[in-house]
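Below, each chain spelled out in residue letters.
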Amino acid sequence: MPPQAIPAAEVTGLLQAWRSGDAAAGDALLARIYLELKQIAASQLRRERPDHTLQTTALVSEAFLRLIDQRNVDWRDRTHFFGLAATMMRRVLVDHARARLARKRITPEIPIVETISIGPGTEVELLDLDRALTALAASHPRQARVVEMRFFGEMDVDQIALCLGVSTPTVKRDWQFSRAWLNAALADLRPAP
């Protein structure tokens, strides 16, 4: 989980000023939260295959560029921002895997598998995880957001509860449900040992 070095009120103020059209606030925001985003991205990339071509800085930059396109979001606070940052990092990783798959069709010598570790000794293909999360979101959107924030954003249970406006026990139940649901959905896709 990223450190809570920057006061939440400061980040919230910058988010609101940025949303109101203050470009300097957007620059100040990036400067203030860059290290936290970089730590989250580095953690995500450690779960990827060792020779992954996307670097930490590129993941942070692309995710932040996508975040700044979210002008219509009513930024409530820093937790809400990092919740959306988790979504953007997931999308960047998935888009990167899709682009690699497309290149594989043109250049067959490129390895096709983009795997991600979802637990000790358990790896799945990133695109399979994305499809499973998308299916989970279709029937259980809040539970899918919990997974996204916990797994891709490395947010703790209390931060997720605050972001989603639910209780901590609800987030814990959602996390347990989602893990079981995803394990069942992904079980058929894993190679036999």
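Residues numbered from 1 in each chain as written. Predicted model: local features only at pLDDT ≥ 70, side-chain atom pairs only at ≥ 80, totals over all residues. Heavy atoms only, no water.

Caption draft 1: The arrangement of the environment of Val 124 in detail. Within the secondary structure, Val 124 sits in strand β2 (residues 122-125). Residue class for Val 124 comes out buried when judged on its relative accessible area of 5%. Put simply, Val 124 and Leu 186 are 62 residues apart on the chain and 7.8 Å apart in space, counted from C-alpha to C-alpha. (Helix = DSSP H or I, 4+ residues; strand = E, 2+ residues; numbered from the N terminus. Buried < 20%, exposed > 50% of the residue type's maximum accessible area, 1.4 Å probe, protein only.)

Caption draft 2: Main features of the side chain of Glu 148. Topologically, Glu 148 is positioned in helix α6 (residues 141-152). Taking relative accessible area as the criterion, Glu 148 reaches 6% and is therefore assigned buried. Discounting residues that sit within four places of it in the chain, Glu 148 has contacts with Ala 86, Thr 87, Arg 90 and Gly 153. (Contact = heavy atoms within 4.5 Å.)

Caption draft 3: Representation of the nonpolar core within the structure. Within the largest apolar cluster, 51 residues are counted, with the highest numbers of intra-cluster contacts made by Leu 29, Ile 33, Leu 37, Leu 59, Leu 67 and Phe 81. Secondary-structure elements contributing two or more residues to this core are α1 (8-19), α2 (23-47), α3 (56-68), α4 (78-106), α5 (126-139), α6, α7 (157-164) and α8 (168-187). The dominant element in this core, judged by the number of residues it contributes, is α4, at 11 residues. If sequence neighbours within four positions are ignored, Leu 37 has contacts with Val 60, Phe 64, Phe 82, Ala 85 and Met 89. (Core = buried A, V, L, I, M, F, W, Y, C linked by side-chain atoms within 4.5 Å.)

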